[in-house]
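Fold and geometry: a report
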2 protein chains.
Amino acid sequence: MRIEAVDFFYLSMPEVLDVGDGSQDALLVRVAAGGHVGWGECEAAPLVSIASFVCPMSHSACKPVRDSVLGQRIDGPDDIRRIGDLTRAQSLDLLQAEHTLSGIDMALWDLLGRVRGEPVYRLLGDRVATPKLPYASQLFGDDPATTYALAQQVRRSGYRAAKFGWGPYGRGSVADDALQVAAAREGLGDEGVLLIDAGTVWLDDVALAAARLPALQAAAVGWLEEPFISGALGAYRALAQRAGAVRLAAGEGCHNYSMAEHLLHHADLGYIQIDAGRIGGISVARRVAEAANAAGVTYVNHTFTSHLALSASLQPYAASAPGAICEYPVEPRQLALDITRSHLLPDADGFIRLPEGPGLGLEVAIERLAPYLVDVVIEVRGRTLYRTPVLMT
Amino acid sequence: MRIEAVDFFYLSMPEVLDVGDGSQDALLVRVAAGGHVGWGECEAAPLVSIASFVCPMSHSACKPVRDSVLGQRIDGPDDIRRIGDLTRAQSLDLLQAEHTLSGIDMALWDLLGRVRGEPVYRLLGDRVATPKLPYASQLFGDDPATTYALAQQVRRSGYRAAKFGWGPYGRGSVADDALQVAAAREGLGDEGVLLIDAGTVWLDDVALAAARLPALQAAAVGWLEEPFISGALGAYRALAQRAGAVRLAAGEGCHNYSMAEHLLHHADLGYIQIDAGRIGGISVARRVAEAANAAGVTYVNHTFTSHLALSASLQPYAASAPGAICEYPVEPRQLALDITRSHLLPDADGFIRLPEGPGLGLEVAIERLAPYLVDVVIEVRGRTLYRTPVLMT
């Protein structure tokens, strides 16, 4: 088969709020080859990722992603990896290319799985997918009372693990942050797994982060996520030495394999969190999962968007040890839910299981997406390089 | 002063060839504040960098670059750094943002220099700018005979240093590559400084790179540049141990401070090469120059475009030790030359000197640019987010 078409669909809530909620828009990618289609999703900044697919060439190492994808053979997993390598070489100087490639890579795995009647994780070489314990991923409330109520609600919904992040955390005083963490613990109860996400708020300042450790330790927090930007390896290492039982987690900012490798080897992490929609797709995420295993760091997905993205982000570590956790967006906007016809819901025991259907195992609900579709036109020298395609149901 | 306007001008040669020549297009940025203007240039993929300035917000950490720039105060160097920090925080998940910011940061330094009547390097804290020995930066010929002729021409033009790169190098056999390097050395003569650029062709494969070392050593090559992708720290370290007098150079791919820091501390480089048009502008490049000094690694600019970009890339290490080298694009397309009214030409001794005029010290030749201006329209939901501005002379 050859790749005949790659279509991008920019979807958005009618209003995008200035909050740390990544489910407010989405960029779906549909790839067609040999009469089959596959779907994927790029994380964040849809317009920019579309532009990096269609832009004019700047030079031989700065080509649009399109040039490395359209017309390529796609007969097996090696072709997907080859297309990724080609894109990285031909778009070396096009920074956004990795995000665009991510959705395309997912769609190619989905397509290949459908052709072969196999779930993606089996194409990746895993025989079974072990159930994952979902942690409810959500934003801190604006005040401790709201956070307490959110945590109680999470507990009532049956989650045994929860993560709170962003919002006011790290932006006020150490005492304010301590009250937020204590409220989350109180609402969740003593037995729940509590995780905290600082959203890179301290950049690379170890002292600011270390000042929060006593409250995190007192609340028996499982991990502190992204105290620093992804590249601040030395700061991670220094904080890890002072953090005791609180492990550090990071990795969602990785947009290539090297960045993840640096975190694995130089940051003293307990957990590495990879978003398949950013790092270059399922192919690169899988390489990281294998490297994490070898390095003794626990791999976890990063997902804050649709269940299509959730399925894609779980495939790379499908065969993890039983009881492994996974990020589970608990309060996505309606858009993120409407993208797929079915969803990865917790089973009777509260675990998430990867679908056993072919590819990513979910059907995109094209018939529901029209209200979210954003009309985009990109013209260069009077030629239309991109126009939002019609959604054919 | 407040930033009142930021305008992007996408310029291109009529035809862009599939060769490793970054001077075939350009993205100029003009920033206006308090009745003054400054100019900068973003490296590569103009359409994508424009999109990252104007795109709709995806969430609180994925805002268009515009949101962190327009309306900001700009009274001194600290404001420029503050705007950079704000952009990195508010566009954390917008990968292309660093390239867009790079040109804006340059333009802000240019503007501030014009307001204060000082060259940028003095605003950065250097008292004098030392002359730099330019190395003629160009592509390998398609065969050794062509490379020999190019090297002879470089020598006749008075250059005492030259770099050959890309083209066929690293894509054929070890013997082919050896002939290319020997031809470059023969054409340049025994006394010239010869540098070789592999353009990341071996990705992270140490053996492939090491096989080329004997020819590089025999030709007394000063540095081997980018044998690997920027993130392949372990491969750089391993090759450096086997490279003897051939030092390794890398860094042009860095798009933030952390990436450069990792190269400085984990790659055993002799030289770090920073493109101010990619790494986040002059502000970040200056931080790297200081860190390189502290780490005992020699800082060099990376520039393959206009003399505006060249001036911007030299400012961060203006006060280097005498005799320091600088990259000098020797065969740019006419576009790159037409961007500025004057040029940084070698003096009687063959050295390049930074202009002593205010800001970046060069005037953009607006009157010459109309033939190169690329018409772009970006519409989202029927609203025009970007339309190529009129060039007012």
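Calculation criteria
Residues numbered from 1 in each chain as written. Chains lettered and ligands numbered in written order. Predicted model: local features only at pLDDT ≥ 70, side-chain atom pairs only at ≥ 80, totals over all residues. Heavy atoms only, no water. Helix = DSSP H or I, 4+ residues; strand = E, 2+ residues; numbered from the N terminus. Rg over C-alpha atoms; globule rule 2.2 N^0.38 Å. Buried < 20%, exposed > 50% of the residue type's maximum accessible area, 1.4 Å probe, protein only. Contact = heavy atoms within 4.5 Å. Buried area = accessible area lost by both parts, 1.4 Å probe. Salt bridge = Lys/Arg side-chain N within 4 Å of Asp/Glu carboxyl O. Polar contact = N/O pair within 3.5 Å; in protein donor to acceptor, adjacent residues only side chain to side chain. Pairing = 2+ DSSP bridges. Axes fitted to C-alpha atoms, helices over the stretch in contact; angles between N-to-C directions. Expected span 1.5 Å × (residues − 1). Arc of directions from axis to C-beta. Disulfide = S-S within 2.5 Å.

Quick look at the overall build of chain A
Helix and strand counts for chain A stand at 14 helices and 13 strands. For 393 residues, the compact-globule estimate of 2.2 N^0.38 gives 21 Å, and chain A sits close to it at 21 Å. Projecting the C-alpha coordinates of chain A onto the three principal axes gives extents of approximately 55 × 45 × 40 Å. The buried share of chain A, reckoned over its 393 residues, is 64%.

Section: the environment of Cys 326 of chain A
All names here are of chain A. Here Cys 326 lies in strand β11 (residues 325-329). On the accessibility criterion, Cys 326 (0% relative accessible area) is buried. In this structure the C-alpha to C-alpha distance between Cys 326 and Ser 313, which are 13 residues apart in sequence, comes to 9.3 Å. In contact with Cys 326, other than residues within four places in its own chain, are Lys 132, Leu 133, Pro 134, Tyr 135, Val 300, Asn 301, Leu 314, Tyr 317 and Ile 352.

Some points on the interface of chain B and chain A
The interface of chain B with chain A comprises 57 residues on the first partner and 57 residues on the second. Summed over both partners, the interface of chain B with chain A comes to about 4,500 Å²; 60% of that surface belongs to carbon and sulfur atoms. For Asp 18 of chain B, the salt bridge goes to Lys 63 of chain A, with nearest N and O atoms at 3.0 Å. On the surface where chain B and chain A come into contact, there are 23 residue pairs in polar contact (both at pLDDT 80 or more). Of all elements in the fold, only β1 (3-12), α1 (46-54), α3 (97-116), α10 (257-266) and β12 (376-380) of chain B reach the threshold of two or more residues within the side of chain B that touches chain A.

As for the side chain of Asp 93 of chain B
All names here are of chain B. Looking at the element boundaries, Asp 93 is found in the loop between α2 (77-90) and α3. The buried category is assigned to Asp 93, whose relative accessible area is 7%. Engagement of the side chain of Asp 93 in a polar contact is seen with the side chain of His 59, the distance being 3.3 Å.

Points about the sheet that holds strand β1 (residues 3-12) of chain A
Residues and elements named next belong to chain A. Taken together, the three strands give an open sheet; going across it, the order is β1-β2-β3, and neighbouring strands pair in antiparallel fashion. Each edge of the open sheet carries a strand with a single partner, namely β1 and β3 (36-42). Strand-to-strand, the axes of this sheet are offset by a mean angle of 20°, without reference to chain direction. Inspection of the sheet shows strand β2 (residues 25-33) paired to β3 by seven bridges, in the antiparallel sense.

Some points on α2 of chain B
Residue and element names in this part refer to chain B. Taking 1.5 Å of rise per residue, 14 residues should cover 20 Å, and α2 covers 20 Å from first to last C-alpha, within 8% of that figure. Buried within α2 we find Pro 77, Asp 79, Ile 80, Ile 83, Gly 84, Thr 87 and Gln 90. Within α2, the buried residues cover an arc of 165° as seen down the axis, which keeps them to one side.

Re the state of the cysteines
With the rule as written, the count across this model stands at zero disulfides over all chains. Between Cys 254 of chain B, a cysteine without a disulfide, and Cys 254 of chain A, which holds the nearest cysteine sulfur, the sulfur-to-sulfur distance is 15 Å. Here Cys 326 of chain B stays unpaired: no disulfide links it, and the sulfur of Cys 254 of chain B, its closest cysteine neighbor, is 19 Å away.

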